[in-house]
Amino acid sequence: MPNPLGLNRLSDIDLRLLRIYKTVVEAGGFAAAEVELNISRAAISMAMSDLETRLGLRLCQRGRAGFSVTESGQRVYEAILQLFASIEGFRTQVNALHDQLKGDLNIGIADNLVTLPHMKITDALRQLKLKATDIGINISMMAPNEIEKAVLDGRLHVGAIPRLRKIAELEYIPLYEEESQLYCSYHHPLFDNTKHLDIIPLVKNHDAVAPAYAQTPATKSHYQALKTTSTATDREGVAFLIMTGCFIGYLPTHYAEQWVQRREMTAICSEHFNFTTDYAVIHKKNAPTNFLVDAWIKELIKI
């Protein structure tokens, strides 16, 4: 067996194998990674066997029982994240030596913000791209806590998330306030009565869907007044359940508008059942100078 990878120089072949392994772990198996990598399952299997041989470690279990990562495999995966973040940090610092804007801008965005009428993120990206035509923009749709982690460990340069908490290592730039209201679909028994105040005490008798992701204490209080029987990991999931006609639930007004316009959904007593969520752009304090990040934030602040 060859010497473990950690005792030799890291080659381009090694980096390729590590990238394949990273994709397999994040996809949850060989079959799901095929599409992302655009290589056959047999080629992925060979790459994994080669990597395990080079490392001298068993990284994952695969077979009839399904795919799972070993304890060593999880630690290698975490080391890969640090490695690629370091490589990206090197690229950023080298690009900062040039007078022109170069490189990639990696952004994490919480779900369903694209329908916001205030297109600050989009407009700032447009202005940046017009000034630096050679840059790459990589957007990842992620849960807010995942975006925070990725910005802190360098996998993302910036993120757009709801202000659920304050982390000392992050800078926060106010983005906008998002209004949410309580909705039901046209199949729901409350649909034709939603504007009357006498509906307020009736709401607690109907099944509701709540988000499974983190909320501020103030937001949680709005859900505590509901009869929550189901959850969803994102706002699209909430919309799916509302559209069954069996649940009521809170959605951002800008996101629900597409169904409201088609009379497929309506707000329930909107002057009573509503709340706002503050959104911010985050980036890491004391990070190496990144002209792309600085330029994009400058455009964002202008809008």
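Residues numbered from 1 in each chain as written. Predicted model: local features only at pLDDT ≥ 70, side-chain atom pairs only at ≥ 80, totals over all residues. Heavy atoms only, no water.

J.: Could you give an account of the state of the cysteines, naming the residues involved and the relevant values?
T.: Here, the word disulfide means a covalent bond between the sulfur atoms of two cysteines. Under the definition given, this model contains zero disulfides. As a non-bridged cysteine, C246 has C184 as the owner of its nearest cysteine sulfur, 12 Å distant. We note that C269 lacks a disulfide partner, and the nearest cysteine sulfur, in C184, lies 12 Å from it. For C269, a relative accessible area of 1% corresponds to the buried category. (Disulfide = S-S within 2.5 Å. Buried < 20%, exposed > 50% of the residue type's maximum accessible area, 1.4 Å probe, protein only.)

J.: Any details on the pattern of salt bridges? Residues and values, ideally.
T.: With the rule as written, the count across this model stands at 14 salt bridges. For D111, the salt bridge identified is with R235, shortest N-O distance 3.7 Å. Here D111 is found in the loop between strand 3 (104-109) and helix 5 (120-131), whereas its partner R235 is found in helix 9 (residues 235-243), with 124 residues between them in sequence. K149 is the salt-bridge partner of E146, the closest N and O atoms lying 3.6 Å from each other. Of this pair, E146 and K149 both sit in helix 6 (residues 144-152), three residues apart, roughly one helical turn. According to the relative accessible area criterion, K149 is partly exposed, its value standing at 45%. (Salt bridge = Lys/Arg side-chain N within 4 Å of Asp/Glu carboxyl O. Helix = DSSP H or I, 4+ residues; strand = E, 2+ residues; numbered from the N terminus.)

J.: I'd love a proper account of the nonpolar core, names of residues and values included.
T.: In terms of nonpolar packing, the biggest core is built from 25 residues, with L105, L113, I121, L175 and W296 touching the most fellow members. At the level of secondary structure, the elements contributing two or more residues to this core comprise strand 3, helix 5, strand 5 (158-162), strand 6 (170-185), strand 11 (274-284) and helix 11 (291-302). Once residues within four sequence positions are removed from consideration, L105 is found in contact with L125, L128, G136, I137, N138, H157, V158, L292, V293 and W296. By size, the runner-up hydrophobic cluster in this structure holds 21 residues, among which are V24, F30, I44 and V76. (Core = buried A, V, L, I, M, F, W, Y, C linked by side-chain atoms within 4.5 Å. Contact = heavy atoms within 4.5 Å.)

J.: Tell me about the packing of aromatic side chains, and name the residues and values.
T.: Considering all chains together, one arrives at six aromatic pairs under this definition. A centroid spacing of 6.0 Å and a plane angle of 50° characterise the contact between F30 and F67, whose relative ring orientation is tilted. With F30 in helix 2 (residues 30-37) and F67 in the loop between strand 1 (60-61) and strand 2 (68-69), the pair connects residues that are 37 residues apart, well separated along the chain. For F67, a relative accessible area of 24% puts it in the partly exposed group. Here the guanidinium or amino end of R163 rests over the ring plane of Y172, the centre of that ring lying 4.3 Å away. (Phe/Tyr/Trp six-rings, centres within 6.5 Å; stacked < 30°, edge-to-face > 60°. Lys NZ or Arg CZ within 6 Å of the ring centre and 35° of its normal.)

Purely geometric numbers; function is a separate question.
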